[in-house]
Every structure is written in C-alpha cells, then in structure tokens.
Amino acid sequence: MRKYFSWLTILLMSLGVLMGSASTLAVSAEAAVIEDGVYETEVEGHNGPMVIETTIEDGKLADVQVKDHSESEGISDPAIDQIPAAIVEANSINVDAVAGATVTSNAIRDAVSDAITQAGGEVSDFFQETEDSEAGETIEYSTEVVVVGSGIAGLATAIEAKDNGADVLVLEKQGLVGGSTILSGGEILAAESPIQEALGNESSWEDLANYFYEISNEVGDKEFYDYIAQNSGEGIQFLADNGVDFADDAVKLHSSHEHAWGHYPKERNGASFVNPLVESLEERGVEILMTTEAHTLIEKDGRIIGVEAIDSAGNTVVVKAEHVVLATGGYNQNEAMLKEYHPTLDVYTINGGSGNTGDGIQMAKAVGAQTLFHDAGIDLATNIPTYYGYGEEFKGLLVSEEGQRYMDESEFHFVRSSNMLDMGETITYAITTESTDLVEQSVEEGNAYKASSLEDLAQAIAENQAEGEKKFDEAAFLTTVERYNELAGKGQDDDFNKDADFLTPIEGETYYALKLTTSNSGTHGGLVVTLNGEVLDENNEAIPGLYAVGEVANGQYMIEDYPGSGTAIISFLTLARGLAQHITQ
Ligand SMILES: Cc1cc2nc3c(=O)[nH]c(=O)nc-3n(C[C@H](O)[C@H](O)[C@H](O)COP(=O)(O)OP(=O)(O)OC[C@H]3O[C@@H](n4cnc5c(N)ncnc54)[C@H](O)[C@@H]3O)c2cc1C
C-alpha cells in the first residue's frame, strides 16, 4: 500500500535512522531511550501554524492534543478529531490521512514525529503498520474521460461525454455530491430558452452576452460570453432533458437585467439541479467514486495521462485516462489561497462546498498550468435574517462603517460588495423607517438597531461596534442623513445620481439600522483555458490531456463584479458541455 507523508516526517525518519546508527556506535545503550514528558510542537497546517501537544508515557504515545490551529472549520474537523486518537491507539504515526484533510492530517503526524525526536526517540520506532493500513492497496482504473468533481461542471461534462460515446469515471472527494452547486439558490440565467419562447419573451442571446461583457467593464473575453449566452437556451433544455423540473416562468432577477433571463426549478434550490443529473449519470452507468480525493496529475512525455487520488480507506486510486477534466470548483474554503488571490476579502461568512479548496488549481499548477486571478468573487453583503441588500433595489440609505454615504443604493448588490471591499469595509448599515417581522427579528437577534430618533440610532450603532471595526462617526452620520433627506426632498440625487423612485427620505417615528455583513459564495479566477477547456501553460500552449471547467477556471469571464445570480451555473454548464463535445468528437 502507499501512504502520503510529508517531507518533514520522511526527513525526521531518515534523520532518526542516521542518528540511531551514529549513536549505536557511540552510546549504544542510550540510543533507544525515549524520555517521558509533554512535548509541544508548532507545525504548518493548511491555513497556518498548528500547535500540538504530545504526551509520552512509559515510552509510548499516550496522548496527542491539537492545542491551537486556524484550519478551516468543517473541512479539517475529521482530521483533528480522528488523527490524534488513531496515533495514540496504534502507538504509531503510520495512520491513514483523512480524505479531504490530508494537509492537516500530515501536519499532526509531523508534530508527533517532532515530539518523538525531541524526546530522544527514533521516529522509525513509531512507524509500525496499523491493522487498518494493511487494508490499503492500489486500485487502478482505466477510462477515456476522468472528471474530478461532481458539481454542475463535472456532472454536465460527464453526461455529455457519456452521451457522445465515451467511457467516463467521476471522482468526488466529499461524501456528498454537488459541491457548491447543491447549496446554490437554483437560479440560472438564459436567453432564447424553450421556456422563454413559450412565454413570448423576446430576449436574444446577444443581449445576454452584451450584459455579461458590460459587467466585466469590457475586459472579459467576449468569446466566452458569446459562447455561454448563445448556448444558454440549449443548456436549459439539456437540464430539462436530464430531469430538472423547471417552473414555466422566466423572471428579471434584478432591474439591471434588460430581459427576464432568470430561470429556476419548481423547487428553487441547487439540489433540484444536482439530484436529477446524478440520477441521469447512474442511468447511463457512469460511476462516481465518492470520498476519493485527487491530488496529483500523472504526466508522461509531456502529456497528462491520468490522475492519482486517495480514498477514505487510505487506498491509492490511480485512474489512467485519455482526458483528465478538472471540475474541482473554486478555492473559497482554502484560507491561504484566499489570502493570496482574493486579499481584499474580509468576510463574516464563507458559503459553499467544503471541498472547494482549490485542489484543481494546485494540481494543474504543479504541471505548469497558467493561472489568472482578479482579487474578486461572489461577494455579497446582506443582513440576516431579512436578506436586505440582496436582489431588491434598496430604497433607503446605505452608510459605511464610518457613517458616510458612498454609492447609489439601488445599484446591483454585487457592485455594492465590490465597493465595500475596495473601501476596506466588511459592514454597511441600511437605514430605513420600514419595518417587517423579519426586521424586528433582526433587531432581536442583534443584527439591526431600532431607535426613536436618529441620534439614538447613531448611538446604538456606535455602542454595538465590535473590536477592530472602523469607528462609527455619529456626527458624520447625522450630516449624511440630513443631506440625503435634502436630496430626497427635491427628488434629485446630485451626489450619486440615484433614480428618484428609490430616493425615499429617512423620516418617521422609528428608525432602523440593519447591519449588512459580507459573505463569499465563490471565487473568480483560476486556470487559464481555451473555449474548449484545454488548460494552457505559461506559453499559452495547451497541456495535452488536461482540461478544466467551472469555478476552477472562470477567470477569463468572471472578472471583478459577479454578473448576478444564475451566471455561474449557466456558464459552467454550457462550457462543460462544449468541453465534452470537443474531447469526444
Ligand atoms: C450559497 C450559494 C448560492 C449560490 N446560488 C447560485 C445560484 O442561484 N445560481 C448560480 O448560477 N450560482 C449560484 N452560486 C454559485 C454556484 O453555485 C457555483 O459557482 C457553482 O455551482 C460551482 O460549480 P462547480 O461545478 O464549478 O463547482 P462545485 O459545484 O463546487 O463542485 C466542485 C466539486 O469538486 C469536488 N472536489 C474538489 N476538489 C476535489 C478533489 N481533489 N478530488 C475530487 N473532488 C474534488 C468538490 O468536493 C465539489 O463537490 C451559489 C453559490 C453558493 C455558495
């Protein structure tokens, strides 16, 4: 069997063996002695340093505790829970890494290796095979197309490739299919779909392509927008043919949308896309290997000929394939990558598939792939539980953390998030006099403030600020409201040119400040690809055998502002189908 150990462990083992040999010559009686005690070690985890305490009693590994870490909640939890206990039980560091958390698993094993060395022991003495590890083996597959990831990009690629006659295998590292797709809101943009045609909707695909291009400030690759928009209507048909039960409706998801491009399944959620597609794959006899985490691309003579993975039982899974398709999603669950590629992001919440740790980007980079990032993603500021600030044009006033007005409040919510991040702000306050049950609930839950005067409202905001937030300037806030009311009074926004329909004065008996905090639901950027999904190297040459689609490779058409709900899924779906058609032609 094969296991994955970090270089530190291997180095410590080698040193242990070397030092052991040397000390045998000098002080042979002392060479095997290990000193009991509690040893603290700092090692590098996935997101930063981890502090691990190892207790050695009677020469055995008696206790291992993770004392401090910044690993991602949810993803690394199984490793933090299971690896220390497994090490103690086996009195060995030769325990299986937890799939999906190999870096964290390795870090814990490294720390224990280091503790053994600190205690004067030899790491090789604590490397015996465990019962479980004997079960590990190398499992080999051979197929035409291997797809890594089971979100919309992976599922659509797999179905289309299979329908075009290819043998297909899908790998999914999580115990659940669907990644971010299954968690999505189920909205999807399209033009010239059968649903729109039945409704008499006259939108043309060119309008949708132009809309995407405009949102990119005309810097995105127009070829991608044209392809996505032109094939979007067919994409809806493809989903319907594969069992997605759409509502007979198409809506404008935002007033900036020229046409009713928004489609949605009757049950408006991501599972309504993922579940039928998975069933469709099953009907076609395509296997999804669950809890199987791809980690290395197999290269031969300059061509990618397969991918190596590890499953939850610690088996090595080797898949040889003519075409390797990376559909591993984005990187928003990888803190280190977020810091590097989306540094302005400072969020309260990260939404999305917990397997989206940028693996595809890392694997492809290791074989020379080119990448492109924009310090951007699906960033949204909203209030919980009202969801104020999402979708609907906002009629009230928005003020910054410091109490200043900074934009036309009716602008698209993704533009607002982008402005906030540019200003270095994670919080914005929506000032209104309108109440609903949800607004009152938000007040009760501490996500909104309520007062009978603007002065008291300003004070409530200031008093409730958390440490690290920019200081709320109460006087500036009162001046901001005064100015806003003056503009609303004359029905003309001289400062930010907001449409008079949305210029409602802040006047009433009760005032509310709803706290909108930032969240991220996906990332922009990643691998650079051709329209057919071929992964390009630094010289803009396609790496033979390697393809990518979805959030892992969206940097050529998702630039700074996200064009709005429904964009990601239609883009990844249409490009995935095109990729599959290309490799099977
Ligand atoms: C809360 C939320 C709501 C959203 N709502 C919408 C919406 O309504 N409409 C819309 O268009 N977009 C929406 N989005 C964005 C959209 O859902 C995603 O951008 C899109 O689904 C990503 O698709 P994907 O196939 O690229 O990746 P994913 O769906 O994330 O799938 C990637 C898969 O790859 C797997 N994987 C990763 N690494 C490996 C590895 N090494 N080995 C094996 N498997 C691996 C992951 O576990 C995951 O299952 C939303 C996003 C979120 C988070």
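Here, the structure is the one placed above.
Residues numbered from 1 in each chain as written. Predicted model: local features only at pLDDT ≥ 70, side-chain atom pairs only at ≥ 80, totals over all residues. Heavy atoms only, no water.

Visitor: What's the story with the overall build of the chain in this structure? I'm lost.
Guide: Assigned secondary structure in the chain consists of 18 helices and 19 strands. Taking contacts inside the chain between residues at least 6 apart in sequence as the whole, the part at least 24 apart equals 70%. Carbon and sulfur atoms make up 45% of the accessible area of the chain, which amounts to about 24000 Å² in all. (Helix = DSSP H or I, 4+ residues; strand = E, 2+ residues; numbered from the N terminus. Contact = heavy atoms within 4.5 Å. Areas by Shrake-Rupley, 256 points an atom, 1.4 Å probe, with all protein chains shown as cover.)

Visitor: Please clarify how the sheet that holds strand β1 (residues 37-44) should be interpreted in this entry.
Guide: Strands pair in a sheet through their backbones, by hydrogen bonds, and they do so in one of two ways: parallel or antiparallel. Within the open sheet, the three strands sit side by side as β1-β2-β3. Their pairing is antiparallel. If you trace the sheet from one side to the other, it starts and ends with β1 and β3 (60-68), each paired once. Here the average twist between neighbouring strands, direction ignored, is 25°. Sheet analysis places strand β2 (residues 49-57) next to β3, joined by seven bridges and oriented antiparallel. What sits directly across from Ile-56, in β3, is Leu-61. Where helix α2 (residues 77-90) meets the sheet, its contacts fall on β2 and β3, and the angle it forms with β3 comes to roughly 160°. (Pairing = 2+ DSSP bridges. Axes fitted to C-alpha atoms, helices over the stretch in contact; angles between N-to-C directions.)

Visitor: Help me understand the site of the ligand in this model?
Guide: Among the 40 residues in the neighbourhood of the ligand, the closest are listed as Glu-172, Thr-181, Glu-187, Asn-356 and Glu-551. A distance of 3.4 Å separates an oxygen atom of the ligand from a polar atom in the backbone of Gly-151. Contact between the ligand and Gly-566: a nitrogen atom at 3.2 Å from a main-chain N or O atom of the residue. Look at the ligand: alone it shows 1000 Å² of surface, and the protein chains cover 95% of it. Secondary structure elements with two or more residues in the shell around the ligand: α5 (152-163), α6 (179-183), β9 (292-300) and α18 (567-584). The class makeup of the residues in the shell around the ligand is twelve nonpolar, 22 polar and six charged. (Near = heavy atom within 4 Å. Polar contact = N/O pair within 3.5 Å; in protein donor to acceptor, adjacent residues only side chain to side chain. Nonpolar A, V, L, I, M, F, W, Y, C, P; charged D, E, K, R; others polar.)

Visitor: Is there a simple way to explain the environment of Ile-583 in this structure?
Guide: Here Ile-583 lies in helix α18. With 438 residues separating them in the primary sequence, Ile-583 and Val-145 have C-alpha atoms 8.6 Å apart. The residues contacting Ile-583, other than those within four sequence positions of it, are Val-145, His-323, Val-325 and Tyr-547.

Visitor: Honestly, the pattern of salt bridges in this entry has me stumped. Any pointers?
Guide: Pairing between side chains of opposite charge can happen when the charged atoms of each approach one another. This model, assessed by the stated rule, comprises 15 salt bridges. Taking the shortest distance from any N to any O, the salt bridge between Asp-245 and Lys-266 comes out at 3.2 Å. Separated by 21 residues along the polypeptide, Asp-245 in the loop between α10 (232-241) and β7 (262-263) and Lys-266 in the loop between β7 and α11 (271-283) bring together distant segments of the chain. Overall, Asp-245 belongs to the partly exposed group, its relative accessible area being 44%. Lys-266 gets classed as exposed once you look at its relative accessible area, which sits at 53%. Between Glu-409 and Arg-405 there is a salt bridge whose closest N-O contact spans 2.8 Å. Across the pair, Arg-405 and Glu-409 agree in class, each one buried. Linked by salt bridges that have partners in common, Arg-405, Glu-409, Asp-493 and Lys-498 make up one network. (Salt bridge = Lys/Arg side-chain N within 4 Å of Asp/Glu carboxyl O. Buried < 20%, exposed > 50% of the residue type's maximum accessible area, 1.4 Å probe, protein only.)

Visitor: I would appreciate a short explanation of the environment of Tyr-213 in the present structure.
Guide: By secondary structure assignment, the location of Tyr-213 is in helix α8 (residues 205-215). C-alpha of Tyr-213 to C-alpha of Phe-224: the two residues are eleven residues apart in sequence and 9.4 Å apart in space. Residues in contact with Tyr-213, not counting those within four places in the same chain, are Glu-218, Val-219, Gly-220, Lys-222 and Tyr-225.

Visitor: Which parts of the structure should I look at to understand the pairing of strand β5 (residues 168-171)?
Guide: The side chains of a regular strand alternate between the sheet's two faces. Going residue by residue along β5, you find Val-168 and Val-170 tucked away on one face and Leu-169 and Leu-171 tucked away on the opposite face as well. One ladder, built from four bridges, connects strand β4 (residues 138-148) with β5; its direction is parallel. Looking across to β5, one finds that Val-146 is bridged to Leu-169. Pairing of β5 with strand β8 (residues 287-289), which is carried by three bridges, proceeds in the parallel orientation. Its bridge partner being in β8, Val-170 is matched across the sheet by Ile-288.

Visitor: Would you explain the nonpolar core in this entry?
Guide: Nonpolar side chains in soluble globular proteins tend to be buried together. Ranked by internal contacts, the top residues of the largest apolar core, which has 112 residues, are Leu-239, Leu-527 and Leu-546. At ten residues, the largest contribution of residues to this core is made by α18. Two domains share this core, each providing at least three of its residues, namely domain 2 (187-266) and domain 3 (377-519). (Core = buried A, V, L, I, M, F, W, Y, C linked by side-chain atoms within 4.5 Å. Domains from an automatic or database assignment.)

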